[in-house]
Amino acid sequence: MTADTHSILRKERLDFHLLNWSRWMHSSANSLDFVVSPWLQISGATTFEDMIDEMDVENAIRMDSLIDSLDELERHAIYAEYLNSSWSSDLAIEPILVRAKKWLLGRLDEKQLY
């Protein structure tokens, strides 16, 4: 595998996790009234699809913790891009988004986001 191919695959992996996080953030299952760590829950998965859904939630929670670690401006850029929140800064969003994604990309492994 060439370095370019590896770089493309890592960026696709980041995009996958950001889109998964976005779906989770938009879902009614992500209620601020009832947040339970997935590591404390007993798995109720009965099918392969249920296991995938549970893993998607766990990965979204891990991604959320990474996004929460971003600087405020970078975090808001991610919110604007993936949650359709308004971008209120006078600064251009694109370079800030690139910087945020680069930081997130460097930390996927430490959160076990494969």
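Residues numbered from 1 in each chain as written. Predicted model: local features only at pLDDT ≥ 70, side-chain atom pairs only at ≥ 80, totals over all residues. Heavy atoms only, no water.

## Things to note about the overall build of the chain
For clarity, the threshold we go by: Here a helix means four or more residues in a row that DSSP labels H or I, a strand means two or more in a row labelled E, and each is numbered from the N terminus. The cut-offs for exposure are 20% and 50% of the maximum accessible area for each residue type, with area from a 1.4 Å probe on protein chains only; residues under the lower value are buried, those over the upper are exposed, and the others partly exposed. Here, residues are in contact when the closest pair of their heavy atoms is within 4.5 Å.
When its secondary structure is counted, the chain shows four helices and zero strands. Beginning at the N terminus, the succession of helices and strands in the chain can be written as α-α-α-α. Looking at the chain as a whole, 30% of its 114 residues are labelled buried. Long-range pairs, those at least 24 residues apart, make up 65% of the contacts in the chain with a sequence separation of at least 6.

## Regarding helix 4 (residues 93-105)
Quick reminder: α-helices carry 3.6 residues per turn. Residues three or four places apart thus point the same way. Note the cut-off: Helices are assigned an expected span. That span is 1.5 Å times one less than the residue count.
Counted at 1.5 Å a residue, the expected span for helix 4 with its 13 residues is 18 Å, and the 18 Å between its end C-alpha atoms agrees. The secondary structure elements touched by the buried residues of helix 4 are helix 1 (3-26), helix 2 (48-68) and helix 3 (72-82).

## Comments concerning the nonpolar core
The condition that has to hold: By nonpolar core is meant a set of buried Ala, Val, Leu, Ile, Met, Phe, Trp, Tyr and Cys residues that side-chain atoms within 4.5 Å join together.
Among the nonpolar cores identified, the biggest contains 21 residues, and Leu18, Trp21, Met63, Ile67, Ile78 and Leu104 are the most heavily contacted of them. Among the secondary structure elements, those contributing two or more residues to this core are helix 1, helix 2, helix 3 and helix 4. Setting aside its immediate chain neighbours within four residues, Trp21 contacts Ala60, Met63, Asp64, Ile67, Ile78, Tyr79, Tyr82 and Leu83.

## Here's the deal with unusual backbone geometry
Leaving glycine out, the prevailing phi sign among residues is negative, and the prevailing peptide bond configuration is trans. Residue Asn84 is not a glycine yet carries a positive backbone phi of 60 degrees. Relative to the helices and strands, Asn84 resides in the loop between helix 3 and helix 4. For Gln112, which is not glycine, the phi torsion reads 55 degrees and is therefore positive. For Gln112, the location among the structural elements is in the segment after helix 4. Residue Gln112 is classed as partly exposed on the basis of its relative accessible area of 45%.

## A few points about the packing of helix 1 against helix 3
Under the convention used in this document: Under this scheme, a helix contributes an axis fitted over its contacting stretch, all axes are lines through C-alpha atoms, and angles between N-to-C directions fall in the 0 to 180 degree range. Between 65 and 115 degrees an angle is taken as roughly perpendicular, under 35 as roughly parallel, over 145 as roughly antiparallel, and anywhere else as oblique. Under the convention adopted here, Pro, Cys and the residues Ala, Val, Leu, Ile, Met, Phe, Trp and Tyr are nonpolar, Asp, Glu, Lys and Arg are charged, and Gly plus all remaining residues are polar.
Where helix 1 meets helix 3, the closest approach of the two axes is 10 Å, and the angle between their N-to-C directions is 75 degrees. Judged on the interaxial angle alone, helix 3 and helix 1 are roughly perpendicular. Across the interface between the two elements, Asp15, Leu18, Leu19, Trp21, Ser22 and His26 of helix 1 pack against Ile78, Tyr79 and Tyr82 of helix 3. A class-by-class count of the residues in the contact of helix 1 with helix 3 yields six nonpolar, two polar and one charged.

## Section: the pattern of salt bridges
Just so we agree on the cut-off: One speaks of a salt bridge when a side-chain nitrogen belonging to Lys or Arg is within 4 Å of a carboxyl oxygen belonging to Asp or Glu.
As enumerated under the stated definition, the model contains three salt bridges in all. One salt bridge connects Arg13 with Asp109, and the closest N-O pair in it is separated by 2.8 Å. Taken together, the residues span a long stretch of sequence, with Arg13 in helix 1 and Asp109 in the segment after helix 4 at a distance of 96 residues. Classification of Asp109 by relative accessible area gives partly exposed; the value is 42%. Measuring nitrogen to oxygen at the nearest pair gives 2.6 Å for the salt bridge that ties Arg99 to Glu74. Within this pair, whereas Arg99 is found in helix 4, its partner Glu74 is found in helix 3, the two being separated by 25 residues in sequence.

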